[in-house]
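Below, each chain spelled out in residue letters.
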Amino acid sequence: MVSMEGAPSILLRAPRVRPVRSDIQLVVDALRKTLGVSALELVFTMDGEAPERFVSGQGDATGRDRALDVGPGCTARLLVPDDVDDDRPVALAEVALRAILSLTDSLQRESALQSAIDASEDAVLIFDRDSAIAYANPAAETLIARQTEDSLAVCHADDRREPLFTFLCRTVEDVLRADGASSRWHGRLVVTDGRRLGCTVHSVAQPGGDRCAVVVLAEKALGEPARLHDFAASFGLSPREEEVAKLLFSGYSAGAIAEKLGISPHTARDHVKRLYRKTGSTSRDALLERITQVTCAPPSR
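Residues numbered from 1 in each chain as written. Predicted model: local features only at pLDDT ≥ 70, side-chain atom pairs only at ≥ 80, totals over all residues. Heavy atoms only, no water.

A. Region of the structure containing the overall build of the protein. Within the protein, the secondary structure is distributed over nine helices and 11 strands. Residues counted as buried form 38% of the 301 residues belonging to the protein. Counting contacts in the protein only where the partners sit at least 6 residues apart, residues at least 24 apart contribute 51% of the total. Of the roughly 17,200 Å² of accessible surface on the protein, 53% is carried by carbon and sulfur atoms. (Helix = DSSP H or I, 4+ residues; strand = E, 2+ residues; numbered from the N terminus. Buried < 20%, exposed > 50% of the residue type's maximum accessible area, 1.4 Å probe, protein only. Contact = heavy atoms within 4.5 Å. Areas by Shrake-Rupley, 256 points an atom, 1.4 Å probe, with all protein chains shown as cover.)

Next up, the structure:
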C-alpha cells in the first residue's frame, strides 16, 4: 500500500458533497418550532446547481431575507419572520447547517477511503485499544481464513514458529503501549507458506484520547527468473535443481513440486536436500532467505 505521508490530501480538496435533503428539512422544522412561528423558509444552493427551497409549517413564509454563512461551496438564505429578532434564527441556522455539511463531508471522505482500502491487494487491519480486530479489508479477511485453515505461522530467526495473528496481536500491544503519538513498527515476516510479508504497525490517535493500531501486510514482490538463474550459477546448481529452487521460491511444497515436474515425492525431497547442502542452508526457510537475498538485491552495475 502506497504511503501518503507528506502528500497533499486530494480527498480534503474535493468539491463539497450535497447533504441529504431530509437533514436540511429537519433543520428548518426544528428552527421553526424553536422560534415559535407558523411558517419558515430556507433556500439552499450548492455551487453550480439550482437552488432548493425548504419550507416548514402552514401558509406562506414572509419576512426579511437574510444570507447565512455556511462555508465554501454553497450558499443559504433564510426568510426571517418580521416579528422575530434577526440574530437568533440566523445564528441557529448557520450552526446547524455547518454541522450537517461537515458530517456529510466526513462521511464522504470515510466512504472513499474505505473503498480504496477495500480494493487494496495488501491486507489492512485495524485493532482497537484492546488489541481486538475492529476492521479487516477483503485481503485481510482472506488471510484470516488461511490462518484458520492452514495454521499460518511466522518463522523466527531461532527457528521458533508463532501463529501469524498471535504475533500481530502481540506487536499491536507493544506499539499501543509505546510512548509518543507516532509509535510504529516495521519489519519483514517469513511465513510458513514460503511468503515474505512486509509488516507495518502504526499507532493512531482517535477522538477522545484513545488509540488504535493500523496493520498493513504487503507481500514482497518476487525476483525476476533471471535473478534466480544468477542464484543457481553462484551455487553451482544443476538445471533441475534450479527448477526446483524456482518452485520453492514460488511457494510450492515438495509434494507440489513432485506433481508439477512429474517426479516422485522421494526424488523431489532429494532435490531439496541437495539444495540445502549446496547452499549451506539448514532448513527450507533458510534456503528461501538465501534466494530472497539474491533475487531481491538490486542488479549489479
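So that's the structure; there's more coming.
B. Broad picture of helix 4 (residues 164–177). With 14 residues, helix 4 extends 20 Å between its outermost C-alpha atoms, agreeing within 8% with the 20 Å of an ideal straight helix rising 1.5 Å per residue. Of all the residues in helix 4, the buried ones are Leu164, Phe165, Phe167, Leu168, Thr171, Val172, Val175 and Leu176. Down the axis of helix 4, the smallest arc covering the buried residues is 160°, so these residues share one side. (Expected span 1.5 Å × (residues − 1). Arc of directions from axis to C-beta.)

C. Region of the structure containing the nonpolar core. Leu125, Leu164, Leu168, Leu189, Val215 and Leu217 are the most contacted members of the largest nonpolar core, which has 23 residues in total. The leading source of residues in this core is helix 4, at seven residues. Each residue touching Leu189, except ones within four places of it in the same chain, is listed here: Val154, Leu164, Phe167, Arg195, Arg196, Leu197, Cys199 and Leu217. Counting 21 residues, the second-largest nonpolar core is a separate cluster that includes Val28, Leu68, Cys74 and Leu97. (Core = buried A, V, L, I, M, F, W, Y, C linked by side-chain atoms within 4.5 Å.)

D. A look at the pairing of strand 4 (residues 74–80). Within strand 4, five of the seven residues are buried, which leaves the element mostly enclosed by the surrounding structure. As defined by bridge partners, strand 1 (residues 39–46) adjoins strand 4 across six bridges and the pair is classed as antiparallel. Bridging across to strand 4, Val43 finds its partner in Arg77. Relative to strand 4, strand 3 (residues 64–68) runs antiparallel, the two being bridged by five bridges. Within strand 4, the residue paired with Arg64 across the bridge is Val80. Turn length for the strand 3-strand 4 hairpin, with the two strands adjacent in sequence and antiparallel, is five residues, and the turn residue Gly71 shows positive phi of about 95°. (Pairing = 2+ DSSP bridges.)

E. A look at helix 8 (residues 265–279). With 15 residues, helix 8 ought to run about 21 Å at 1.5 Å a step, and its terminal C-alpha atoms sit 21 Å apart, in line with that. Those residues of helix 8 lying buried are Ala268, His271, Val272, Leu275 and Thr279. Along the long axis of helix 8, the arc covered by the buried residues comes to 95°, so they all point the same way. Away from the buried face of helix 8 by more than 90 degrees, exposed residues His266, Lys273 and Arg277 are located.

F. Local environment of the sheet that holds strand 4. In space, the four strands of this open sheet follow the order 2-1-4-3, with antiparallel pairing throughout. For this open sheet the edge positions go to strand 2 (52–57) and strand 3, each flanked by a neighbour on one side alone. Taken over all neighbouring pairs, the strand axes of this sheet differ in orientation by 20° on average, direction set aside. Sheet topology note: the strand 1/strand 2 ladder contains six bridges and is antiparallel. Among the inter-strand pairings, Glu41 is bridged to a residue of strand 2, identified as Val55. Across the sheet, helix 1 (residues 21–35) lies against strand 1, strand 2 and strand 4, angled at about 40° from strand 2, the strand it touches most. Where helix 2 (residues 87–119) meets the sheet, it contacts strand 1, strand 3 and strand 4, and its direction lies at approximately 150° from that of strand 4. (Axes fitted to C-alpha atoms, helices over the stretch in contact; angles between N-to-C directions.)

G. Focus on the pattern of salt bridges. Scanning the entire structure with this criterion turns up 10 salt bridges. The closest approach of N and O atoms between Arg240 and Glu243, which form a salt bridge, is 3.3 Å. Remark: Glu243 and Arg240 occur in helix 6 (residues 239–249); sequence separation between them is three residues, near one turn of the helix. Here Arg240 falls in the partly exposed class, since its relative accessible area comes to 31%. Residue classification places Glu243 among the partly exposed residues on the basis of a relative accessible area of 35%. (Salt bridge = Lys/Arg side-chain N within 4 Å of Asp/Glu carboxyl O.)

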